[in-house]
Amino acid sequence: MGNITPITMPKFGLAMTEGKLASWSVPVGTDISAGQEIADIETSKITNGYESPAAGVLRRQVAPEGEMLPVGALIGVLADTDVPDADIDAFITKFNESFAPEGGGAEASDEPVRKAVTVGDLTISVQESGSSHEGVPVLLIHGFGGDLTNWLLTQPALSDTRHVISFDLPGHGESTKKVGDGSPVTFAETVAGLARELKIPRVHVVGHSLGGAIALELAKAHPDLVASLSLVAPAGLGSDINMAFINGFIEADRRKTLEPVVQCLVHDKSLITRQMLENIIRTKRLDGVVAGLRTIADTCFRDGKQAFPLRSVLETFTGPVQVLWGEADEILSVSGADGLPDAVTVVRYPDTGHMPQLEKAGDVSRALATFLDRAEA
Amino acid sequence: MTKKSFRQAINEALRQEMQRDPRVILMGEDVAGGRGGTSGVKDAWGGVLGVTKGLLTEFGEDRVLDTPISEASYIGAAAGAAATGLRPVAELMFVDFVGCCLDQIMNQAAKFRYMFGGKARTPLVIRAMYGAGFNAAAQHSQALYPLFTHIPGLKVVVPSSPYEAKGLLIEAIRDDDPVIFLENKVMYDDEEDVPDDPYTIPFGEANLTREGDDVTIVAFGRMVNFANQAADRLEKDGISCTVIDPRTTSPLDAATILDCVNETGRLVIVDESSPRCNMATDVAALVAEEAFDALKAPIRRVTPPHTPVPFATVLEKLYVPDVEKIEAAVRSVAAYRVKEEA
């Protein structure tokens, strides 16, 4: 048969087992270039544009809109215009006959592992992937009110070649709901403790939002531990903070009241799904979560300003640093990326809100991979 | 997070609240189970359907009390214990047995706060099984939540899933008023993701399990799952439904029901209890009074017939509302058009 490329249900995030083809972005017959967005895929956690892995003409939309399919199932077919329809039909039949959803067969040993790690009096929920890879591991730190699933598109993209660790901060996700004084200093000590428990002497640190401030505190207090810093829309570099978001996030207790608050996180408001809101509400119902968020907000954002200026860390930190920021960030203004030392690589994403790792997932993962390669060269 | 059954979710809620608060105790017929037998094993059953299994071993006989077969005595004792500082969770086994202890619930526990001028608290939870479909015959199959909803001073919870059950039961135990917590006995093996940590779901706050534009379905307890299935089928035919799970019949989240009916203009109510003076009539009256102008079709109620629950399997199946009946009711209101005036 001629040059036929299957388009299959992608795996967004480690936990994804199935996805819904929410809508096709292009009609049958479109000439597609590699990387072009061809469909919107909806999972239990996120709706995301799917970029074509290859070039060719979209000859078939095998999956109808609204169809729920396992990861790896055939959703479309790319081929040149001169490939006969009969060949494409035969290809589809053959693919579907031999397709078996993952989970049934034996998987590689590099499957992501979720585990609980004891750090002092805290239990920290950790997700490790790519742990067979040598080299300095990558540690992902989420922000205020988030959890390790904020990295669901970043972690798998990096763990093909690296050992990647994400975790839930204290008071978040499935970790112990105790935040201490709620300061970035305290959280940084917990992160250092986690690295000790995992027997990791040196790590590339990626921090988002408040996780960025924690990464900076970690670089300040434990410079030997931090091989490089990647700061995604970080706190600590400016002084302004959107308190309407912070207070709204803490106070909202129904999907309806939470929706406009969470929409502040993204430029494309349609990314906020009902399931995302439900997941946040469910987390906030857990004993101790709302009180913990309140403590963090009172400590970190006293008087409506960021209470921990950390720009000076970038003057003294000797490792490579990059800052990634959405230009349409409504929570922490992108102006925080202005006037940084020359050695700092700064990338600004147009039409992107506070969560570039979700909204510009491909770009952010590529920027991180390139940066980490360079940091080690 | 792990998948847990309705039974495990309830067991976990009880265990975590007993760990958190030493005032929480359990009492009821066979909640420990096996006592009095000759095997020497005290924790054999953990309630007739195993819901409280393991709690006797963990918390001991001072906090997990097997009672004599006398609902009047132990429900009365639980009400008194609640009024004097404990937080008892009493199990009535089948809700049908409430006839033996209605005075203790209706005239005592429910009235303490009011009649003692707000000076008394009664943090009492009464758990009981309800519902048909278990082939347990007319005296063990009723859905009596309207009976309790009728009595001021009681809060009434009808959880629709394992996740809902854990959060609502913890809320019930922490509440300072008497709460009737009703578990559909057919649902004990239903499973879904339930967080390991304790959490609460507030009373009087309905949950929209589906959101649509054409028809509002209000459903209670086990019926929520049926309503969701009907809504998913109807969606394929272009009829989109909002499904409301009120979670508690008292307090009732009237505002959410009215908001949704104002949007869709069409209402179906699914209620497993007997059709006269039940939640369906209550919600229908609410909407007729407060959202009359929004209605584009008559309100339809999907309920059992006004008969005792049959024992014969075939008849019992006919008795309980099912997905097909809900679907038919929704189609009829969706197709309804107001006649032009002559």
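None of these values were measured; they are calculated from a predicted model. (Residues numbered from 1 in each chain as written. Chains lettered and ligands numbered in written order. Predicted model: local features only at pLDDT ≥ 70, side-chain atom pairs only at ≥ 80, totals over all residues. Heavy atoms only, no water.)

Digging into the overall build of chain B
Move 1: The secondary structure content of chain B amounts to twelve helices and 14 strands.
Move 2: Against the globule reference of 20 Å for 342 residues, chain B gives a C-alpha radius of gyration of 21 Å, in line with a compact fold.
Move 3: Buried residues in chain B amount to 57% of all 342 residues.
Move 4: For chain B, restricting intrachain contacts to residue pairs at least 6 apart in sequence, the fraction spanning at least 24 positions comes to 80%.
Move 5: Between the mean site of the 35 positive side-chain charges and the mean site of the 50 negative ones, chain B shows a separation of 2 Å. (Helix = DSSP H or I, 4+ residues; strand = E, 2+ residues; numbered from the N terminus. Rg over C-alpha atoms; globule rule 2.2 N^0.38 Å. Buried < 20%, exposed > 50% of the residue type's maximum accessible area, 1.4 Å probe, protein only. Contact = heavy atoms within 4.5 Å. Lys, Arg positive; Asp, Glu negative; His and termini not counted. Charge placed at Lys NZ, Arg CZ, Asp CG, Glu CD.)

Regarding the sheet that holds strand β11 (residues 241–245) of chain B
Residue and element names in this part refer to chain B.
Move 1: Strand order in the open sheet formed by five strands is β9-β11-β10-β13-β14, with mixed pairing between adjacent strands. At either margin of the open sheet sits one strand with a lone partner, and together these are β9 (207–210) and β14 (300–302). Within the sheet, the average angular offset between the axes of one strand and its neighbour, ignoring direction, is 25°.
Move 2: Across the sheet, helix α12 (residues 323–335) is in contact with β10 (215–219), β11, β13 (267–270) and β14; its angle to β14 comes to roughly 175°. (Pairing = 2+ DSSP bridges. Axes fitted to C-alpha atoms, helices over the stretch in contact; angles between N-to-C directions.)

Topic: the confidence of the model for chain A
Move 1: For chain A, the average pLDDT comes to 92, and 97% of its residues sit at 70 or higher.
Move 2: Contacts for the low-pLDDT stretch residues 104–109 of chain A, under 50 throughout, to residues beyond four places or in other chains number one contact. (pLDDT = per-residue confidence, 0-100.)

Topic: the packing of helix α1 (residues 6–20) of chain B against helix α7 (residues 162–174) of chain B
All names here are of chain B.
Move 1: Where α1 meets α7, the closest approach of the two axes is 8 Å, and the angle between their N-to-C directions is 30°. The orientation of α1 relative to α7 falls into the category roughly parallel. Crossing hand, α1 versus α7: right-handed. Facing F6, A9, I10, E12, A13, L14, Q16, E17 and R20 of α1, the residues of α7 in contact are P162, A165, K166, L169, I170, I173 and R174.
Move 2: Among the residues making up the contact of α1 with α7, the classes are represented as ten nonpolar, one polar and five charged. (Parallel < 35°, antiparallel > 145°, perpendicular 65-115°, else oblique. Left-handed = near helix turned anticlockwise from the far one by under 90°. Nonpolar A, V, L, I, M, F, W, Y, C, P; charged D, E, K, R; others polar.)

A word on helix α4 (residues 210–221) of chain A
Residue and element names in this part refer to chain A.
Move 1: The end-to-end C-alpha distance of α4, which contains twelve residues, comes to 17 Å, matching closely the 16 Å that a straight helix rising 1.5 Å per residue would cover.
Move 2: Across the twelve residues of α4, ten count as buried, placing the element largely inside the fold.
Move 3: Buried within α4 are the following residues: L210, G211, G212, A213, I214, A215, L216, E217, L218 and A219.
Move 4: Next to the buried residues of α4 lie β11 (138–141), α3 (184–197), β13 (203–208), β14 (226–232), α8 (289–300) and α9 (313–316). (Expected span 1.5 Å × (residues − 1).)

Regarding empty space enclosed by the protein
All names here are of chain A.
Move 1: All chains considered together, the criterion is met by five cavities of 30 Å³ or more.
Move 2: The space that makes up the largest cavity amounts to roughly 50 Å³.
Move 3: Looking at the largest cavity, the residues that line it are P184, L210, A213, A235, G236, C300, F301, Q306, A307 and F308.
Move 4: Looking at the lining of the largest cavity residue by residue, the class counts come to eight nonpolar, two polar and no charged. (1 Å grid on protein atoms, 1.4 Å probe; cavity = no way out; pocket = protein on both sides within 12 Å on 5 of 7 lines; lining within 4 Å. Points joined across faces, edges and corners; volume = space filled by probe spheres on them.)

Section: the domain arrangement of chain A
All names here are of chain A.
Move 1: Looking at chain A, the domain boundaries give domain 1 (4–98) and domain 2 (113–376).
Move 2: The C-alpha-based centres of domain 1 and domain 2 are spaced at 32 Å.
Move 3: Contact residues are listed per partner, giving nine residues for domain 1 and 14 residues for domain 2.
Move 4: In this assembly, domain 1 packs against domain 2 so that about 1,000 Å² is buried in total across both faces, 67% of it on carbon and sulfur atoms.
Move 5: Our enumeration of links across domain 1 and domain 2 arrives at zero salt bridges.
Move 6: At the boundary of domain 1 and domain 2, one finds zero residue pairs in polar contact (both at pLDDT 80 or more).
Move 7: Split by residue class, the side of domain 1 that touches domain 2 holds three nonpolar, four polar and two charged. (Domains from an automatic or database assignment. Buried area = accessible area lost by both parts, 1.4 Å probe. Salt bridge = Lys/Arg side-chain N within 4 Å of Asp/Glu carboxyl O. Polar contact = N/O pair within 3.5 Å; in protein donor to acceptor, adjacent residues only side chain to side chain.)

Brief notes about the interface of chain B and chain A
Move 1: Counting residues at the interface gives 23 residues for chain B, matched by eleven residues for chain A.
Move 2: Of the roughly 1,300 Å² buried where chain B meets chain A, counting both sides, 29% is carbon and sulfur surface.
Move 3: When the area that chain B buries against chain A is broken down by residue, the three leading residues are Y163(B), D197(B) and E205(B), summing to 35%.
Move 4: Across the chain B-chain A interface, the total number found is six salt bridges.
Move 5: The salt bridge involving E211(B) is made with R274(A); its shortest N-O contact spans 2.2 Å.
Move 6: Only α7, β9 and α9 (254–264) of chain B provide two or more residues apiece to the side of chain B that touches chain A.
Move 7: It is β9(B) that contributes the most residues to the side of chain B that touches chain A, four residues altogether.
Move 8: Of the residues assigned to the side of chain B that touches chain A, the class counts are nine nonpolar, four polar and ten charged.

A few points about the packing of aromatic side chains
Note on aromatic pairs: each is described by the distance of the centres and the angle between the planes.
Move 1: Overall, the coordinates contain eleven aromatic pairs over all chains when judged by the stated rule.
Move 2: Seen in terms of ring centroids, F94(B) and F97(B) are 5.6 Å apart; in terms of plane orientation they differ by 65°. Their pairing is edge-to-face.
Move 3: Grouped by ring-pair contacts, the aromatic residues F144(A), F245(A), F249(A) and F301(A) constitute a single cluster.
Move 4: The ring of F249(A) is capped by K284(A), whose NZ or CZ atom sits 5.8 Å from the centre of that ring. (Phe/Tyr/Trp six-rings, centres within 6.5 Å; stacked < 30°, edge-to-face > 60°. Lys NZ or Arg CZ within 6 Å of the ring centre and 35° of its normal.)

A closer look at the environment of N3(A)
Residue and element names in this part refer to chain A.
Move 1: Tracing the sequence through the fold places N3 in the segment before β1 (4–8).
Move 2: Between the alpha carbons of N3 and L78 there is a distance of 8.4 Å; along the sequence they are 75 residues apart.
Move 3: In this view, N3 contacts L78, A79, D80 and V83; residues no more than four positions away in its chain are not counted.

Focus on the pattern of salt bridges
Move 1: Taken as a whole and judged by the stated rule, the model has 44 salt bridges over all chains.
Move 2: Across the pair K269(A) and E330(A) runs a salt bridge whose closest N-O atoms are separated by 2.6 Å. Placement of the pair is K269(A) in the loop between α6 (255–263) and α7 (274–285) and E330(A) in the loop between β15 (321–326) and β16 (345–349), with a sequence separation of 61 residues.
Move 3: Assessed through its relative accessible area of 31%, K269(A) is described here as partly exposed.
Move 4: Assessed through its relative accessible area of 35%, E330(A) is described here as partly exposed.
Move 5: When the shortest N-O distance is used, the salt bridge between R233(B) and E324(B) registers 3.2 Å. In this pair, R233(B) sits in helix α8 (residues 222–236) while E324(B) sits in helix α12, placing the two residues 91 residues apart along the sequence.
Move 6: With a relative accessible area of 37%, R233(B) lands in the partly exposed category.
Move 7: If you follow the salt bridges from partner to partner, you end up with R255(A), R274(A), E278(A), R282(A) and E211(B) in one network.

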